[in-house]
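So the chains spell out like this:
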Amino acid sequence: MSTLVGRVGKRVGPRDYAAKTMVYALLIVWSCTTILPVLWVLLNSFKSSQEILTNAFGVPHTFDFNNYIKLNHYGNINILRGFANSLIISGSVVVGVTFIGGLAAFILSRFQFAGKKAFNILFVICMLLPQFAVIIPNFIIIKEIGLNGTYLSVILPQIAGNLSFAIIMMTGFMASLPAELEEAAVMDGASIWKIYYRILLPLCIPIFATVSIMVFLWSYNELLMPLVYLPVRDMQPISVLLSYVSNSYGTDYGAMMAAITISIVPLLVLYLLSQETVIKGMTAGAVKG
């Protein structure tokens, strides 16, 4: 209390203003390095290729939507179908990761058993493995079980690849919750499953939301697995379709800018709507409850 009173009565001097000014200046510079490239791509998506070469950093003379219309006329590319495929794949990955990861985190955070530390170490090691190191074994397994060319050929490896991150995050959050909640539930005769679904799960909504958003973003941006496992164009997500636009029409800068805009705008909207949830989920487990 004395420390708080001392701070309230303390006068703010020039050094404090200078420090705050420097911090705000650095934050403004950092935000400009992030916002300006996105704004530059968005403005150039409304220009023709010729105007981009002559007026790359200016405002478009006229906002032309022809670049977006062109995207559906490049071969057999269907942008809307690509978005639907991305939602199917990414949504399924999020459901699988949160369901399996939540159950695994519940066991690791609330029970004591032999080999528990070994499991924790194994999950950390799995996070260190690069995707390229397992792409060939995964392809062989997918082909042998007859899943090549199906949505599951992409969904299952992505679930497995994101589980380590999800389990580590959820375990830390659940371990911070007070054990008295479960003790009271046990005294009332609640089963293990009822404790998880009725007590822990509602309290873990912030970390579940954070993991879901992060996994969705990673799955949405995934390019290698869909490119390898999904040879059928109608089943490929938006990331693969836009890579075809970039590779086949690299000199059409306007169409490339439109393709980049289409791919990043949904992610920006999702992150802006959920940034508070992400921050809460990332920091809530850091304080012991």
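Whatever comes next refers back to the structure up there.
Residues numbered from 1 in each chain as written. Predicted model: local features only at pLDDT ≥ 70, side-chain atom pairs only at ≥ 80, totals over all residues. Heavy atoms only, no water.

Caption draft 1: Broad picture of the overall build of the protein chain. Helix and strand content of the protein chain: 14 helices and zero strands. Its helices and strands in sequence order give the protein chain the pattern α-α-α-α-α-α-α-α-α-α-α-α-α-α, from N to C terminus. Counting the 289 residues in the protein chain, one finds 36% classified as buried. Restricting the contact set of the protein chain to residue pairs at least 6 apart, pairs at least 24 apart contribute 74%. Accessible surface computed for the protein chain: about 17,500 Å², of which carbon and sulfur atoms make up 71%. (Helix = DSSP H or I, 4+ residues; strand = E, 2+ residues; numbered from the N terminus. Buried < 20%, exposed > 50% of the residue type's maximum accessible area, 1.4 Å probe, protein only. Contact = heavy atoms within 4.5 Å. Areas by Shrake-Rupley, 256 points an atom, 1.4 Å probe, with all protein chains shown as cover.)

Caption draft 2: Layout of the nonpolar core. By size, the foremost hydrophobic cluster in this structure holds 49 residues, and its most contacted members are L71, V97 and V211. At the level of elements, helix 5 (79-110), helix 8 (152-175), helix 10 (192-203), helix 11 (205-220), helix 12 (224-229), helix 13 (238-248) and helix 14 (253-284) are the ones that each hand at least two residues to this core. Broken down by element, the residue count for this core peaks at ten residues, all from helix 8. Excluding its chain neighbours within four sequence positions, the residues that come into contact with V211 are V97, F165, A166, M169 and M170. (Core = buried A, V, L, I, M, F, W, Y, C linked by side-chain atoms within 4.5 Å.)

Caption draft 3: Structural detail: the side chain of S45. Within the secondary structure, S45 sits in the loop between helix 2 (14-44) and helix 3 (49-54). Other than its neighbours up to four places away in sequence, S45 contacts D64, N67, Y68, G254, M257, A258 and T261.

Caption draft 4: How the structure looks around the packing of helix 5 against helix 11. One way to put it is that helix 5 packs onto helix 11 with a least axis distance of 9 Å and a crossing angle of 140 degrees. In terms of axis orientation, helix 5 runs oblique to helix 11. Here helix 5 and helix 11 pass one another in a crossing that is right-handed. Facing F83, S86, L87, I89, S90, G91, V93, V94, V97, T98 and G102 of helix 5, the residues of helix 11 in contact are F208, V211, S212, V215, F216, S219 and Y220. Counted by class, the contact of helix 5 with helix 11 contains eleven nonpolar, seven polar and no charged residues. (Axes fitted to C-alpha atoms, helices over the stretch in contact; angles between N-to-C directions. Parallel < 35°, antiparallel > 145°, perpendicular 65-115°, else oblique. Left-handed = near helix turned anticlockwise from the far one by under 90°. Nonpolar A, V, L, I, M, F, W, Y, C, P; charged D, E, K, R; others polar.)

Caption draft 5: The packing of aromatic side chains, seen in detail. In the structure shown here, the tally under the stated rule is eleven aromatic pairs. Measuring from ring centre to ring centre gives 5.6 Å for F106 and F111, while their planes differ by 90 degrees; the resulting arrangement is edge-to-face. In this structure F111 comes out as partly exposed when scored by relative accessible area, which is 27%. Each ring, one from F216 and one from Y220, has its centre 6.1 Å from the other, and the planes form 25 degrees; the classification is stacked. Highlighted residues: F216 and Y220, both in helix 11, separated by four residues, approximately one helical turn. Put simply, the rings of F106, F111, W193, Y196 and Y197 touch in pairs and so form one group of aromatic residues. (Phe/Tyr/Trp six-rings, centres within 6.5 Å; stacked < 30°, edge-to-face > 60°.)

That is the geometry; function is a separate question.
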